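Analysis of the macromolecular model
The residues making up each chain are set out below.
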Amino acid sequence: MDTASKFKVLLNDPHLSPELKLIAQKVYDNERITFDEGVLLYEKGELAYLGTLANYIREKRHGNNTYFNRNFHIEPTNLCVYDCKFCSYSRLIKQRADGWEYTMDEMMDIVKKYDNEPVTEVHIVGGVLPQYDVAFYSELFTRIKKHRPELHVKALTPVEYHYIFKKAKIDYATGMKLMKEAGLESIPGGGAEIFHPEIREQIAKDKCTADQWLDIHREWHKLGMRSNATMLYGHIEKYWHRVDHMERLRALQDETGGFQTFIPLKFRNQDNQMSHVPEVSVVEDLRNYAIARIYLDNFDHIKAYWAMISRTTAQLSLNFGVDDIDGTLDDTTKIYSMAGAEEQHPAMSTKQLVELIKQVGRHPLERDTLYNVITDYNDFEFKEELKPKFYKLPVIN
Ligand code: V47
Ligand code: SF4
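So, how was this worked out
Residues numbered from 1 in each chain as written. Chains lettered and ligands numbered in written order. Predicted model: local features only at pLDDT ≥ 70, side-chain atom pairs only at ≥ 80, totals over all residues. Heavy atoms only, no water. Axes fitted to C-alpha atoms, helices over the stretch in contact; angles between N-to-C directions. Helix = DSSP H or I, 4+ residues; strand = E, 2+ residues; numbered from the N terminus. Parallel < 35°, antiparallel > 145°, perpendicular 65-115°, else oblique. Left-handed = near helix turned anticlockwise from the far one by under 90°. Contact = heavy atoms within 4.5 Å. Nonpolar A, V, L, I, M, F, W, Y, C, P; charged D, E, K, R; others polar. Buried < 20%, exposed > 50% of the residue type's maximum accessible area, 1.4 Å probe, protein only. Pairing = 2+ DSSP bridges. Arc of directions from axis to C-beta. Salt bridge = Lys/Arg side-chain N within 4 Å of Asp/Glu carboxyl O.

**Topic: the packing of helix α1 (residues 3-11) against helix α2 (residues 18-28)**
In contact at an axis separation of 10 Å, α1 and α2 are set at 150 degrees when each is read in the N-to-C sense. Classified by the interaxial angle, the pair formed by α1 and α2 is roughly antiparallel. At the point where α1 passes α2, the crossing takes the left-handed sense. Residue-level contacts link Phe7, Lys8, Leu10 and Leu11 of α1 to Lys21, Ala24, Gln25, Val27 and Tyr28 of α2. Within the contact of α1 with α2, the residues separate by chemical class into six nonpolar, one polar and two charged.

Below is the structure:
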C-alpha cells in the first residue's frame, strides 16, 4: 500500500481518538498544528500513527530522495570555559593535560590532509577557549578558503559567536558580517540544547541564552546566509519543553526562512555529569523524529546523525520523517564517541552509506551543504570500495 492510501486507512480508523484524527486531517490538508497538538502527539501518538503522518510529509516533499554530504570535522579543542552538564568536554578544563588545543597551523594541517579527498565541507566546532577569538577565527576561515576555495566552511555556533563578539565588544550584526567576509559560509545547528530557561539553566548554565542563540541565527539569515538547528532531547526535559523549542525555531523560520535542516540529537549519558540520567529508547527516538517532521512544517529537511543513534536506527528513521543522513565520516569527531555514541570510531565509506540507504528502498543523493545534488547514487556502479580513512591527529599536551 502506498503512503497516501495508508493515510486514508488511518483517517477512517474507528479506534483513533477524535483529537488524533483531527491532527491527522490537518496534516493531510497541509495545515499547521498548534503547540498543544504538538504536546498531544508526544503524549498520545503511537509509533505507527506518527510514522504514517511523518512519512506522508517526507514523501510529499522528497519522495524517496535521501541526502548525504561528504565532510570532515575539525574540533579546535576539547577544553571549554563552560560547564554543560551533558558534555564530556566540560570536565576536562580541570585536567587540562588530557585535552588538546590546536594551533592555526595544526588546523590547517588537518584541512590539507583532505586535499585529495572528494569532501565538499569542513565542519568546525569544539570547546570555547579565550585564545580562539574574532581575529583567530577570521584568519582561520580566510586561510581555509585561500587554500581550497571550493570547500564550504560550516563553522562554530552561537555559543562561540556570542563569547567572541562580547570579548571584542561588537554586536552580533557586525560580528556575523565580519565572519562572512572572512569566509564563513554557514552555521551548524549546535548549542541549541533545550531553549526553555527551566531546563537550559540546569544543563547549560552561563552559555548563550535561547534568545541570543536565535538572534545570532537571525542576523546570519539577514545576510542571506543559511544555517541548521538542533535539539538535545531525552534527558531531564518534559515533552512540552521540546515543543517549546521547536515552536521558537518555527517562529524564526517564518520570519527569515534561513534554516535548512533540523537535527534532533539524542542525549548520550557516558562520561559526563548526567550519567545518572537514563537514555531514551529507540522507539522514543523515532517518535521524536516523526513529531519534528510534523511540527516543523517550514523546515525543508530533517537529519539523522547516524554515528549517535546507530546505523539501524538511522535506516528506520528514513520512514519517520528523516530525509538526510549525516554523513560519511572519519574518526575526527570526538564529542559523541566520548559521550557514549553507538559508534566509538564512526566511519562509513560512501559505498556503505549508499547501501544503507538503498537497503530500505530510498534513493541516495550526494549533496553539497546547500542541498545542490552532486551525484545520484541510485544506479551508480562503484568501481572500488572507497575505504573510510583514519587520520592520526596531532595530540597537544
Ligand atoms: O550542541 C554534546 C551535542 C552538539 C552530547 O549542523 C551531545 O549539520 C548528545 O550541533 N549527547 C554539537 N549530544 C553537534 C551539532 C551537530 C552535529 C551534527 C551535524 C550538525 C549540523 C550539528 O552536540 C552540541 C550538543 O547539543 N552534544 N554532548 C551528549 N552527551
Ligand atoms: Fe562547552 Fe559546548 Fe561542551 Fe557546553 S556543550 S561545555 S559549550 S563544548
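**Focus on the pairing of strand β2 (residues 71-74)**
Burial of β2 is two-sided: the residues Asn71 and His73 facing one way and the residues Phe72 and Ile74 facing the other way are all buried. Across four bridges, β2 lies against strand β3 (residues 121-124) in parallel orientation. Paired with Phe72 across the strands is Val122, a residue of β3.

**A look at helix α8 (residues 172-182)**
Among the residues making up α8, those that are buried are Tyr172, Gly175, Met176, Met179 and Ala182. Down the axis of α8, the sector holding all buried residues measures 120 degrees, keeping them to one side. Elements that come into contact with the buried residues of α8 comprise α6 (134-147), α7 (158-168), β5 (186-187) and α10 (210-222). Backbone geometry just after α8 places Gly183 at a positive phi near 130 degrees.

**Some points on the pattern of salt bridges**
A full pass over the atoms with the stated rule returns 26 salt bridges. One salt bridge connects Asp254 with Arg32, and the closest N-O pair in it is separated by 2.8 Å. Taken as a pair, Asp254 in helix α11 (residues 239-256) and Arg32 in the loop between α2 and α3 (35-44) lie far apart in primary sequence, 222 residues in all. Residue classification places Arg32 among the partly exposed positions, given a relative accessible area of 32%. Arg287 is the salt-bridge partner of Glu284, the closest N and O atoms lying 2.8 Å from each other. Remark: Arg287 and Glu284 occur in helix α12 (residues 282-295); sequence separation between them is three residues, near one turn of the helix. Under the relative-accessibility criterion, Glu284 is labelled buried at 9%. Judged by relative accessible area, Arg287 falls into the buried class, the value being 8%. Three or more residues joined by partner-sharing salt bridges are found here, namely Glu237, Arg242, Glu284 and Arg287.

Honestly, it's all geometry; don't read function into it.
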